[in-house]
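This is what each chain is made of:
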Amino acid sequence: MALYTNHLEIPSEIDGLPVTAIADSAFKGKEYIVSVSIPDSVTSIGASAFEGCEYLKNVDLPDTITEIASSTFSDCVCLESIVIPDSVKSIGSYVFSGCDKLKNVEVPDTLSSIGSYAFENCVSLTEAIIPAGTDRINNNAFYGCTGLTSVTLPYGIEDFGSRAFENCTGLK
C-alpha cells in the first residue's frame, strides 16, 4: 500500500536559498507521511509541525536542531523511537503528547529542560533516564505514562514541576 512508503525528505535548499526552518503546522495532520529526513541546514522546527501525522514512524533529526517546539510530534501515534540530537537544549510542551507507541527516546546530556506534558500519555514508554544536565522538568511532563516503571533523575534539578509523574501507575 502506498501509504506505508511515503517518505518526506525536506530539501536543504529551495531555489538556491537554504532551508533553515520548518514552519509551524507545516505538515500537521498529513496522515500519509511515514518517515521524515531533515537536512543539517534546518536549525528549528516550528510548533505542531508534524502534529497528528498518525502514520509517522521514523524521524531523522539533524545535529543542528537546538529546540523542539511545542506539539511538534504530538499525536503521532505510530512513532516508536526517536533520537534527540546533542544540539537540543530543550523539549517544548506537548512535544510527544499522545504518541501511544513511543517506547524509546534517546535524550542527550545537553538537555536542560523538559516542557509541560512533553510525554503526556506515552503509554508504551517504560523507562525515563533524565540526563545530569537537566535542571528543569515542568508540570505534568510525563503525565499518564502508565507503562513507565523506571525513572532515573539527576542530582541538582532546580525546578521540578508539580505532578511531573502524575498518573504514571506503573511507578511504585
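Right above here is the structure, for reference.
Caption draft 1: Structural detail: the overall build of the protein. Regarding its fold elements, the protein presents zero helices and 16 strands. A globule of 172 residues ought to have a C-alpha radius of gyration of about 16 Å, and the protein, at 16 Å, matches this closely. Each principal axis of the C-alpha atoms in the protein carries an extent, and together these give about 50 × 35 × 20 Å. Looking at the protein residue by residue over its 172 residues, the buried ones come to 47%. Contacts in the protein between residues at least 24 apart in sequence constitute 27% of all its contacts with a sequence separation of at least 6. Entry remark: accessible area of the protein is about 8,300 Å², with carbon and sulfur atoms responsible for 47%. Distance from the positive charge centre (9 side chains) to the negative charge centre (23 side chains) of the protein: 8 Å.

Caption draft 2: Quick look at the nonpolar core. Counting 46 residues, the largest nonpolar core has Ile 38, Phe 50, Phe 73, Phe 96, Phe 119 and Phe 142 as its most contacted members. Non-local contacts of Phe 50, meaning those with residues more than four positions away in its chain, are made with Leu 8, Ile 22, Phe 27, Val 36, Ile 38, Ile 45, Leu 56, Thr 72, Phe 73, Ser 74 and Cys 76.

Caption draft 3: Seen up close, the side chain of Ser 48. Take Ser 48: it is sitting in the loop between strand E6 (44-45) and strand E7 (58-60). In this structure Ser 48 comes out as buried when scored by relative accessible area, which is 11%.

Caption draft 4: Spatial organisation of the sheet that holds E7. Here three strands make up an open sheet; going across it, the order is E1-E5-E7 and the pairing parallel. The open sheet has two edge strands, strand E1 (7-9) and E7, and neither has a second partner. Direction aside, the axes of adjacent strands within the sheet are offset by 10° on average. Summarising the sheet, strand E5 (residues 35-37) and E7 pair through three bridges and their orientation is parallel. Across the sheet, the residue bridging to Ser 37 is Asp 60, located in E7.

Rules used in this analysis
Residues numbered from 1 in each chain as written. Predicted model: local features only at pLDDT ≥ 70, side-chain atom pairs only at ≥ 80, totals over all residues. Heavy atoms only, no water. Helix = DSSP H or I, 4+ residues; strand = E, 2+ residues; numbered from the N terminus. Rg over C-alpha atoms; globule rule 2.2 N^0.38 Å. Buried < 20%, exposed > 50% of the residue type's maximum accessible area, 1.4 Å probe, protein only. Contact = heavy atoms within 4.5 Å. Areas by Shrake-Rupley, 256 points an atom, 1.4 Å probe, with all protein chains shown as cover. Lys, Arg positive; Asp, Glu negative; His and termini not counted. Charge placed at Lys NZ, Arg CZ, Asp CG, Glu CD. Core = buried A, V, L, I, M, F, W, Y, C linked by side-chain atoms within 4.5 Å. Pairing = 2+ DSSP bridges. Axes fitted to C-alpha atoms, helices over the stretch in contact; angles between N-to-C directions.

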